Amino acid sequence: MTLASKITVLRILAIPFFVVAIMQGQVRAAQIIFSLLVFSDALDGAIARLRGERTPLGAFLDPVADKLLLVVTYVTFSTLGWIPLWVFVAVLSRDLLIILGWTVVYILTTNKKIEPRPLGKATTALQMTFAVARLFNVGNPWYTWLLYAMISATLLSAADYIWIGNKRLGAIE
């Protein structure tokens, strides 16, 4: 297992500590943990590129870690009433759509290659940025602007993944 993959695994293992901190009202600890998790996301990718250690395991684990962090964060924020339920539903629906779509494409084509889309990467970055803004109580107009930018990117990204999935499935007909 490469250093980058070890960092990704540690990121996954640290997610429950973030949830416990925030649910117990230890906002400062939650802010620190979340900031370290976001930093580790950038770090593992940089290390993999710089050391030439891109692996199939890393290509799988990194987006899984992102999805876990974001879904758990948005579930927690929604549970605490920090975000409207519809925001959580939009974020979760996109991720479920991606997972379901990849599964269908894999079953029908046996193509297991996962290719992140540029809009998908931008959406993940906006979802993380919005979570940071909420966690650190960034005020308006930035909070509202980030919310609408993140939701717009989430919806556009979902549509993009649907389009690509249909394109791949159309190739087998």
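Quick note: structure is the one above.
Now for a description of the structure that goes with this document. (Residues numbered from 1 in each chain as written. Predicted model: local features only at pLDDT ≥ 70, side-chain atom pairs only at ≥ 80, totals over all residues. Heavy atoms only, no water.)

**What to know about the overall build of the protein chain**
- Assigned secondary structure in the protein chain consists of 6 helices and 0 strands.
- Against the 2.2 N^0.38 benchmark of 16 Å for 173 residues, the protein chain shows a C-alpha radius of gyration of 17 Å, consistent with a compact globule.
- Taken over the C-alpha atoms alone, the protein chain extends approximately 50 × 35 × 25 Å along its principal axes.
- With 173 residues in all, the protein chain has 38% of them scored as buried.
- Taking contacts inside the protein chain between residues at least 6 apart in sequence as the whole, the part at least 24 apart equals 77%.
- In the form shown here, the protein chain has an accessible surface area of approximately 9800 Å², with 71% of it arising from carbon and sulfur atoms.
- Across the protein chain, the centroid of the 15 positively charged side chains sits 3 Å from that of the 9 negatively charged ones. (Helix = DSSP H or I, 4+ residues; strand = E, 2+ residues; numbered from the N terminus. Rg over C-alpha atoms; globule rule 2.2 N^0.38 Å. Buried < 20%, exposed > 50% of the residue type's maximum accessible area, 1.4 Å probe, protein only. Contact = heavy atoms within 4.5 Å. Areas by Shrake-Rupley, 256 points an atom, 1.4 Å probe, with all protein chains shown as cover. Lys, Arg positive; Asp, Glu negative; His and termini not counted. Charge placed at Lys NZ, Arg CZ, Asp CG, Glu CD.)

**Thoughts on the packing of helix α1 (residues 3–23) against helix α3 (residues 56–79)**
- One can describe the packing of α1 onto α3 by two numbers: an axis separation of 9 Å at closest approach and a directional angle of 5°. In terms of axis orientation, α1 runs roughly parallel to α3.
- Looking at the contact of α1 with α3 residue by residue, the classes come out as 14 nonpolar, 6 polar and 3 charged. (Axes fitted to C-alpha atoms, helices over the stretch in contact; angles between N-to-C directions. Parallel < 35°, antiparallel > 145°, perpendicular 65-115°, else oblique. Nonpolar A, V, L, I, M, F, W, Y, C, P; charged D, E, K, R; others polar.)

**Details of the nonpolar core**
- Judged by nonpolar contacts, the single largest core of 26 residues is most densely connected at F18, Y74, I83, V87, F130 and M150.
- Of all elements in the fold, only α1, α2 (27–50), α3, α4 (85–109), α5 (118–135) and α6 (142–170) reach the threshold of two or more residues within this core. (Core = buried A, V, L, I, M, F, W, Y, C linked by side-chain atoms within 4.5 Å.)

**Things to note about a nonpolar patch on the surface**
- On the surface, a cluster of nonpolar side chains totalling about 570 Å² of accessible area is made up of L100, W102, V104, Y106, I107 and L108.
- Within the secondary structure layout, L100 lies in helix α4.
- Judged by its relative accessible area of 55%, L100 falls in the exposed class. (Patch = residues over 30% accessible without salt bridge, like charges linked within 9 Å, V, L, I, M, F, W, Y side chains within 5 Å. Salt bridge = Lys/Arg side-chain N within 4 Å of Asp/Glu carboxyl O.)

**A closer look at the environment of I162**
- Among the structural elements, I162 can be located in helix α6.
- According to the relative accessible area criterion, I162 is partly exposed, its value standing at 41%.
- The sequence separation of I162 and L97 amounts to 65 residues, and the corresponding C-alpha distance is 8.1 Å.

**What about the side chain of Q31?**
- Mapped onto the secondary structure, Q31 falls in helix α2.
- Here R28 takes part through its side chain, which lies 2.8 Å from a polar atom of the side chain of Q31.
- Only 3.1 Å separates the side chain of Q31 from the backbone oxygen of L135, close enough to count as a polar contact.
- Leaving out residues up to four positions away in the same chain, Q31 has contacts with L135 and F136. (Polar contact = N/O pair within 3.5 Å; in protein donor to acceptor, adjacent residues only side chain to side chain.)

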